[in-house]
Amino acid sequence: MLKLSKRSVINQVKYVTACQFSTTKKLSSDLLIDQPKYEWLKELGLNADNDGVFDGSWRPGSGPVVTSLCPSNNEPIARIATGALSDYQGVVNNAKEAWKVWADIPAPQRGEIVRQIGHALREKKTLLGNLEALEVGKIAVEGAGEVQEFIDVCDYAVGLSRMIPGMVFPSERPGHALIENWNPVGLVGVITAFNFPIAVYGWNTAIALTCGNSVLWKPAPTVNLSTIATQKIMESVLRENDLPPAICSLICGGADVGSEMADDTRVDLLSFTGSTAVGQKVGVAVQQRFGRKILELGGNNAIIVMEDGDLDMVVRSTLFASVGTQGQRCTTARRLILHESIYDNVLERLKKAYAQVRVGDALEEGTIYGPLHSKAGVDLYCATVNEAKRMGGKIEVGGNVRRLLYG
Ligand SMILES: NC(=O)C1=CN([C@@H]2O[C@H](COP(=O)(O)OP(=O)(O)OC[C@H]3O[C@@H](n4cnc5c(N)ncnc54)[C@H](O)[C@@H]3O)[C@@H](O)[C@H]2O)C=CC1
Ligand SMILES: O=CCC(=O)O
């Protein structure tokens, strides 16, 4: 009988440093966006002070002004006037009005707009990837890869725009047939998580737009700049085509705005991506009003390796699956379950592989492992390591917090 070792390998690379957004106002000159090194942020339409609400026009929200921090060096990047519940009603109204125009446009023409969005994203892919490195802390190549995911789904959605299916069923009535016809649902709310601010919005939005829906986006509160830069691309394509830009609306805000979206019957479908705990609440709230929902939540993924596994592949894929996005993906490997005959061999190889992982500034070429996104992430990491020790686990590599600041 096959015996599997259940010993866990706690082997995350040491943590760099990170901090959550703060509401402290800094002088303009303290902001990274005002430094020549970060001048490129302005090419994405970002400023020292940014409006956090888009309902067809950009508006400063009446919520708190928050400052996005760079997790690699803990420096303030730029400020955002975020939205509050008082801004929400107007945003929903405008997005609903814009939907009436959009839903009447034939699907292949909607697909053409989505094609243009994909093209506009291609032109800004490197810059957006760098912005994610600066604000989220994922390495720049992963940031660009995330934008590529949006582009890929745009390509898919363009094809879909000419192929939205519908079956024809026979009827018992002579000369009649039953025709299946898919209609837009209306306003799609998209609530996104901190770790994939651009891709998650993109997966949802490219498909929702092609299918004739308007979209209201509420991002995670620590990644507003990545959100605003992406929203500016959506806006520019819609304006260039003389379409109501509120087809793609935005409210940067907190849990109160997200919770309102879950309760709001005017949000015809709510797509929520985030933690399992919050997703559960959101799912119940939408169900309470018999609404439609999509929940993309957390994972607790394991890799199981049998005694005849290809160990080179196991080491490479385990490292990629654990280290990518600093272990903050929903697809991150959290447990490695090895057949006891290969346990020592895989462990030794993994330790060598981890030793080669370069920890550093997420924007610096060659960095494989950037900072964790927030202090909450660091606290969770420490608590997990302590819990593993308490349960008799041995830390094989890393396991401590490294405080490094990059200029
Ligand atoms: N399955 C998937 O495709 C993905 C899953 N995730 C998961 O997301 C999590 C990390 O993201 P976080 O931003 O920390 O998650 P989170 O659950 O804390 O927040 C997600 C979003 O929900 C909002 N929110 C918070 N409370 C709310 C409430 N009561 N009602 C409505 N909205 C509310 C937040 O402001 C944010 O925009 C991880 O668990 C990760 O696995 C992340 C990306 C993709
Ligand atoms: O966080 C979820 C998304 C991903 O891992 O691709």
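Not measured: the values here are computed from a predicted model.

If you tally the helices and strands in the protein chain, you get 11 helices and 15 strands. Taking 22 Å as the expected radius of gyration for a compact globule of 407 residues, we find that the protein chain reaches 23 Å, a close match to that expectation. Summarising its shape, the C-alpha atoms of the protein chain cover approximately 70 × 65 × 40 Å along the three principal directions. Here the contacts in the protein chain between residues at least 6 apart in sequence split such that 75% fall between residues at least 24 apart.

Next up on the list: the sheet that holds strand S2 (residues 49–51). Within a sheet, neighbouring strands are paired by backbone hydrogen bonds and run either parallel or antiparallel to one another. Ordered by their spatial adjacency, 3 strands build an open sheet running S2-S6-S5, and the pairing between neighbours is mixed. Every interior strand has two partners, whereas the edge strands, S2 and strand S5 (65–70), have only one. Neighbour to neighbour, the strand axes of the sheet diverge by 30 degrees on average, direction disregarded. Here 3 bridges tie S2 to strand S6 (residues 75–81), and the two strands are oriented parallel to one another. Residue pairing in the sheet places Asn 50 in a bridge with Ile 80 of S6. Strands S5 and S6 of the sheet are contacted by helix H3 (residues 125–135), whose axis makes an angle of about 95 degrees with S5. Where helix H6 (residues 224–240) meets the sheet, its contacts fall on S2, S5 and S6, and the angle it forms with S6 comes to roughly 55 degrees.

What follows is about the pattern of salt bridges. Side chains bearing opposite charge may pair, as long as their charged atoms lie close to each other. Scanning the model with the defined rule gives 18 salt bridges in all. Two residues, Glu 235 and Arg 239, come together in a salt bridge whose shortest N-O distance is 2.9 Å. Of this pair, Glu 235 and Arg 239 both sit in helix H6, 4 residues apart, roughly one helical turn. Taking relative accessible area as the criterion, Arg 239 reaches 41% and is therefore assigned partly exposed. In this structure, Arg 390 and Glu 387 form a salt bridge, with 3.0 Å as the shortest nitrogen-oxygen distance. Taken together, the positions of Arg 390 and Glu 387, both in helix H11 (residues 375–390) and 3 residues apart, correspond to about one turn of that helix.

As a further point, take the domain arrangement of the protein chain. Taken domain by domain, the protein chain consists of domain 1 (2–23 + 300–402) and domain 2 (78–165 + 181–296). Taking the mean C-alpha position of each, domain 1 and domain 2 sit 31 Å from one another. Every contact between the two is made by 16 residues of domain 1 and, on the other side, 16 residues of domain 2. A buried area of about 1,200 Å², summed over both sides, lies between domain 1 and domain 2, and 62% of it is on carbon and sulfur atoms. For the pair domain 1 and domain 2, the interface holds 1 salt bridge. In this structure, Arg 329 and Glu 142 form a salt bridge, with 3.5 Å as the shortest nitrogen-oxygen distance. Partitioned by chemical class, the residues of the side of domain 1 that touches domain 2 number 7 nonpolar, 8 polar and 1 charged.

Here we take up the site of ligand 1. Neighbouring residues of ligand 1: 24 residues in total, closest Thr 192, Asn 195, Lys 218, Ser 275 and Leu 297. Ser 259 has a polar backbone atom sitting 3.4 Å from a nitrogen atom of ligand 1. In the model, an oxygen atom of ligand 1 is placed 3.3 Å from a nitrogen or oxygen of the Gly 274 main chain. Coverage of ligand 1 by the protein amounts to 83% of the 850 Å² it exposes when considered alone. Sorting the residues of the shell around ligand 1 by element identifies helix H5 (199–210), helix H7 (255–263), strand S12 (269–273) and helix H8 (276–288) as the ones contributing at least two each. If one sorts the elements of the shell around ligand 1 by residue count, H7 sits on top with 3 residues. Residues of the shell around ligand 1, tallied by class, amount to 14 nonpolar, 8 polar and 2 charged.

What counts, and at which threshold
Residues numbered from 1 in each chain as written. Chains lettered and ligands numbered in written order. Predicted model: local features only at pLDDT ≥ 70, side-chain atom pairs only at ≥ 80, totals over all residues. Heavy atoms only, no water. Helix = DSSP H or I, 4+ residues; strand = E, 2+ residues; numbered from the N terminus. Rg over C-alpha atoms; globule rule 2.2 N^0.38 Å. Contact = heavy atoms within 4.5 Å. Pairing = 2+ DSSP bridges. Axes fitted to C-alpha atoms, helices over the stretch in contact; angles between N-to-C directions. Salt bridge = Lys/Arg side-chain N within 4 Å of Asp/Glu carboxyl O. Buried < 20%, exposed > 50% of the residue type's maximum accessible area, 1.4 Å probe, protein only. Domains from an automatic or database assignment. Buried area = accessible area lost by both parts, 1.4 Å probe. Nonpolar A, V, L, I, M, F, W, Y, C, P; charged D, E, K, R; others polar. Near = heavy atom within 4 Å. Polar contact = N/O pair within 3.5 Å; in protein donor to acceptor, adjacent residues only side chain to side chain. Areas by Shrake-Rupley, 256 points an atom, 1.4 Å probe, with all protein chains shown as cover.

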